[in-house]
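If you want the building blocks of each chain, they are given just below.
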Amino acid sequence: MRDVAVVSFAYSAVAKDDVHNEVELIGPVVREAMAASGLAKSEIGFTCSGSFDYLQGGPFAFVSGLDGVGAWPPIRESHVEMDGAWALYEAWIAIQTGEVDTALVYGFGKSSPGDLHEVMTVQYDPYYVLPLWPSMVDMAALQAQAYLAESGHTERDLAEIAAAAQRAGASNPKAVRAGNTTADDVLAQPVTHSPLRDADIAPITDGAAVLVLAADDVARRVSERPAWIRGIEHRIDAHGLGVRDLTRVASAEAAASAAKVGERPVEVAELHAQFSHEVLMLRDALGLADDVVVNPSGGPLAANGMMSAGLIRIGEVATRITSGEFSRGVAHATSGPCLQQNLVCVLEGE
Amino acid sequence: MAGQPVAVVGIGQTHHRAARKDVSMAGLVREAAVEALEDAGMTWADIDAVVLGKAPDMFEGVGMPELYLADALGAVGKPMLRVHTAGSVGGSTAIVAAKLVQSGVHERVLTVAYEKQSESNATWGLSVPMPFAPPLVAGAGGYFAPIIRAYIHRSGAPRHIGHLVAVKDRRAALRNPRAHLHLPDIDLATVEESFLLWDPLRYLDTCPSSDGAMAMVMGSESVARSAPNPVAWVHGMAMRSEPTMFARRDQVNPQAGKDCAADVFAQAGITDPRRDLDCAEVYVPFSWYEPMWLENLGFCAEGDGWKLTEAGATAPDGDIPWNPSGGVLSSNPIGASGMIRFGEAAQQVRGMAGDYQVPLTTGKALGHAYGGGSQFFAMWVVGAEPPA
Amino acid sequence: MTQTFVSHHVLEYPGGYTRSVGPVVGRFLTGLRDGTLLGVRLADGRVLVPPTEYDPATSEPVGDDWVELGPAGRVESWTWVAQPRDGKHHLGRPFAFALVRPDGADTAMLHVVDAGSEDAMSIGMRVAPRWRAERIGHVADIEAWVPLTDGEEPKPAPPRTNIPADEEEGDVTGLISPMRLEYHLTAGQATSRYLRGLGEGKIIGGRAENSDEVYAASRGTDPKTGEPTSVEVEVQDTGVITTFCIVNIPGLSPLAPEIPYASAQILLDGANNSFFGLIRGVEVDDIRMGMRVRAVWADELVADHTAIKWWEPTGEPDAPFEHYKDYL
């Protein structure tokens, strides 16, 4: 395998962006990430993006999105209808073939134009589940209830997670939900989707994320301390909630094992946990020790741009490695109801 | 081509129809996938990863359908990707799957593309009216017909050229039992008398709307060497994109298509595609796109594409058959159409194209897909022998 | 920052999606129509409900060993829905979503429980289906599951009230799936400037600072470079037809005139991109590439695409091919 590193990262996140269209959302973030990459646009070998048409309620979101990049002269380009983390995986594969040395990866989406939690229902089994219209939060709550009953964790444990996310978010200027919040503050909120409260549910967020990958010598040329991808794996579980063991995340366990997360100690983790209980479940699935710093950015409970939030996890870990704050970290991204599909990426400094 | 060698070791596809009312979406993709596995001599357990492609989710109203289809496609516990690059998606999906092998990451990858257009209606799905966008008063043909007029004007092509393609591809489809349209009585007069939809496009110049799926198994060199049936080696693959609309854009002969073809032919060592290929399966949804793409892909000089068509060079018995399977004009499950082109090219070089098999001399064929307003391209060249 | 336009948008396939369900899902739905709950036995002996076509663990076909289940079952997990959604949820009062494992099954099915209040819900509680009398072969033929008290027997399905009188009814082969989603979409900065211009009888374009190529109706960037089209440029409401088609299909759009009509790409004077427009005020057979046209503005201008009704010939001499050949 070639050594591939994250050499640049930028993202935007706001609760509701009703002044920019998707092109205007992407453009500034692309320019910021490219400026920081030390690479000229002509040096980018491959471009790959992730988006979801149902967020804007019309087909081909990625087509106009490309206008934010500037695809001229023609570029090598692809798109996944998945979180940008999987676009990064496709770009990493392209670099592994040896055909290109660099890639521009982005994910974007606005959650605010529709009723996000209802919009995501379109993902569910079209014959048995969609006709009943459970929301994304209803599905998560079914998992939370089962997990609490099985694990012995309590609503207070969830509140501790939610409060910690907001406190961490206080030092992240892009957090849309942040504050000096305590578990008691969270527990004082009403339960809206038993056993979950508002603070346990990721906030609605609009935004884009852009990340630049470079291989081998190119990475060393443009970055003093590239964040090297040492393992990247993803797996999917069965779709139906009723056929899965909802109290664990088998596909995340398998991805973490394949990415060799546990080979050496992990110092920092960014988890694509959109609900408090998912932090606990993913800590278990990834085998993270108690001393691992989890979601120092605040994570998706502080800012959750759809289709970029998974990619942002990789960028957040990479940034902390490049800065020298940490030397080994793991990033996680998810897709589908109740953590059906999971990607795990191990990043290291030199 | 850089990286590890890749070959197509199994292919399957559905019988394409206007409506496959006998199957669910899972049943549809499954039909193609099972046939591909059997062709490859594999079971579900042999597959390392699955790559799914389709056009907009709104055609069927299932968002990110890879989630629901994971069980049906044997992906549980495995990596699964979902590609979407508009009309070129079937080609792009095959390329992403092949790269999983080319990169050395996997040995056996199943890739599937599908569309079940009868769940809604393709015209609606392609042109959902959106606020602030200029209204699409003329429909999808209203986008492409002016470009065809521009081609006719630039090239001086006679008006019947498109109709020749419409007849040629439908006649070819008569030898392909999987094709959606079987029009045994079609001739030039039938096409010329068919309804004039978007002048210069007549009804029979346009593609149908189909339900269908295509699947392939990609294998590494060692997998290919032990495959039970002949394999198709990948000699080159490329994707290119350009913006939908920009100043001085050549919409008739897009630069992205030219660049993509130049790249894939360079990888495959092809200097004269008309001479060096045995056939091509090219995404031709409107008949006139055959002469246009003949020029764009470098099979002839600019302005000469129609002359090849008129001379019969692209007919099944011509010197460079285009779309011997009947092409998109005969079957068009949109998300699968590109992969069908890629797969039909592979079937030809495997010598497994049945009644529409072309004679093999160079043993190489082109698979081509494009999408959007001709701004997304995906192509591969496959061969009977491994790359030198 | 320009104030931007926001518009309500409904995404809805008229009449709902027409789903064909295949034999396995069809068998289960037929069972529901008959007032029975069916599972299918997998190769390892486990009973799967609701039956998918392929074993979730092995991907093998599920086979044909059908088992009648329940009808009572156990709640494996649940969450409360305090505010049912109009047009989505079929119960008009608060209810629970739950994973219910019917007796005899090894898996759970997602469904709704009509328990009256959240306090009545718990993991492990016993529930039974409350069947509709009018059953169509749909997952909501069980209107809801309801709590069972100790020793209480589940009620059988009532006789079906919608049996067709005069025709043989086959198995369920499909279902209609309505899907309506609503959005409030933002035009963005550049498009809002353009739309506002239309409301004032002007066509506003933009260019990037580092380029002299002007885009009419820019979406915010120069698509070639991705640079913002931050320099506002007014372009003329006259231009040249670069190419066109004549439409003979009625009803393609509510805005379409009577057929035949012409839809053209127009290169506006002062812009570098082409622009779609309807051509009227001339016989369609007389429309030519290179013809000079001008916008015909609506009598009352509003800031949207209806401000320009169509385009008509100016009567000036045609532009030479050389003028627009790079815009095709």
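Predicted model, so just to flag it, every value in this text is computed and none were measured. (Residues numbered from 1 in each chain as written. Chains lettered and ligands numbered in written order. Predicted model: local features only at pLDDT ≥ 70, side-chain atom pairs only at ≥ 80, totals over all residues.)

Considering the overall build of chain C
To be explicit about the condition: Every helix listed is a DSSP run of H or I at least four residues long, and every strand listed is a run of E at least two residues long, numbered separately from the N terminus. Any residue whose C-beta has 12 or fewer other C-beta atoms within 10 Å is treated as exposed, any with 20 or more as buried, and any in between as partly exposed, C-beta atoms being built from the backbone. Whether two residues are in contact depends on their C-beta atoms, placed from the backbone: they are in contact if these lie within 7 Å.
Within chain C one finds 3 helices and 20 strands. Once the C-alpha set of chain C is aligned to its principal axes, its extents read approximately 90 × 50 × 40 Å. Residues classed as buried in chain C amount to 47% of the 328 residues present. Partitioning the contacts of chain C with sequence separation of at least 6, the portion at a separation of at least 24 is 59%.

Description of the environment of Trp293 of chain B
All names here are of chain B. Mapped onto the elements, Trp293 comes out in helix H11 (residues 289-296). Given 22 C-beta atoms within a 10 Å radius, Trp293 is considered buried. Sequence-wise, Trp293 and Pro254 are 39 residues apart; in three dimensions their C-alpha atoms are separated by 9.6 Å. Sequence-distant contacts of Trp293, defined by excluding residues within four places in its chain, comprise Val282 and Val284.

Some thoughts on the confidence of the model for chain C
Applicable threshold: Confidence per residue, as judged by the predictor, is encoded in pLDDT with a range of 0 to 100.
Considering every residue of chain C, the mean pLDDT works out to 95; 99% of them sit at 70 or more. The ipTM, which scores confidence in the relative placement of chains, is 0.98 for this predicted complex, and the corresponding pTM is 0.98.

Observations regarding unusual backbone geometry
Residues Val49 of chain C and Pro50 of chain C are joined by a peptide bond in cis, for which omega reads -10°. One can find Pro50 of chain C in the loop between strand E4 (47-48) and strand E5 (66-68). Residue Pro260 of chain C follows Ile259 of chain C across a cis peptide bond; omega there is -10°. Note on placement: Pro260 of chain C falls in the loop between strand E16 (238-247) and strand E17 (261-268). Phi is positive for Ala86 of chain B, which is not a glycine, with a value near 60°. In this structure, Phe132 of chain B takes a positive phi of about 75° despite not being glycine. Its place among the elements puts Phe132 of chain B in the loop between helix H4 (122-126) and helix H5 (139-155).

Regarding the interface of chain B and chain A
Tallying the contact residues gives 48 residues for chain B and 45 residues for chain A. Of all the secondary structure elements, the ones that give two or more residues to the side of chain B that touches chain A are helix H2 (66-69), strand E3 (80-83), helix H3 (89-102), H4, strand E8 (232-241) and helix H9 (255-268) of chain B. Among the elements that make up the side of chain B that touches chain A, the one with the highest residue count is H3 of chain B (5 residues).

Details of the sheet that holds strand E3 (residues 38-41) of chain C
Residues and elements named next belong to chain C. Basically, it comes down to this: One bridge is not enough; two strands pair if DSSP finds at least two bridges between them.
If you walk across this open sheet you meet the 3 strands as E4-E3-E5, and the pairing is antiparallel. Each having just a single partner strand, E4 and E5 make up the two edges of the open sheet. Where E3 and E4 come together, 2 bridges link them in antiparallel fashion. Across the sheet, Val40 pairs through a bridge with Leu48, a residue of E4.

What to know about the interface of chain A and chain C
Worth spelling out the cut-off: We call Asp, Glu, Lys and Arg charged. Ala, Val, Leu, Ile, Met, Phe, Trp, Tyr, Cys and Pro are nonpolar, and the rest, Gly among them, are polar.
Listed by partner, the interface residues are 43 residues for chain A and 55 residues for chain C. Mapped by element, the contributors of at least two residues to the side of chain A that touches chain C are helix H1 (22-37), helix H5 (116-119) and helix H6 (136-151) of chain A. Ranked by residue count, the leading element in the side of chain A that touches chain C is H6 of chain A, at 6 residues. Tallied by class, the residues present in the side of chain A that touches chain C amount to 24 nonpolar, 14 polar and 5 charged.

Notes on the pairing of strand E7 (residues 206-215) of chain A
Residues and elements named next belong to chain A. Counting buried positions along E7 yields 10 of 10 residues, so the element is predominantly enclosed. Side-chain alternation along E7 places Asp206, Ala208, Val210, Val212 and Ala214 on one buried face and Gly207, Ala209, Leu211, Leu213 and Ala215 on a second face that is also buried. With 7 bridges joining them, strand E1 (residues 4-11) and E7 adopt antiparallel strand pairing. Bridged to Tyr11 within E7 is Ala209. As paired elements, strand E4 (residues 102-110) and E7 share 9 bridges and run antiparallel to each other. Counted as the bridge partner of Gly107 is Ala209 from E7.

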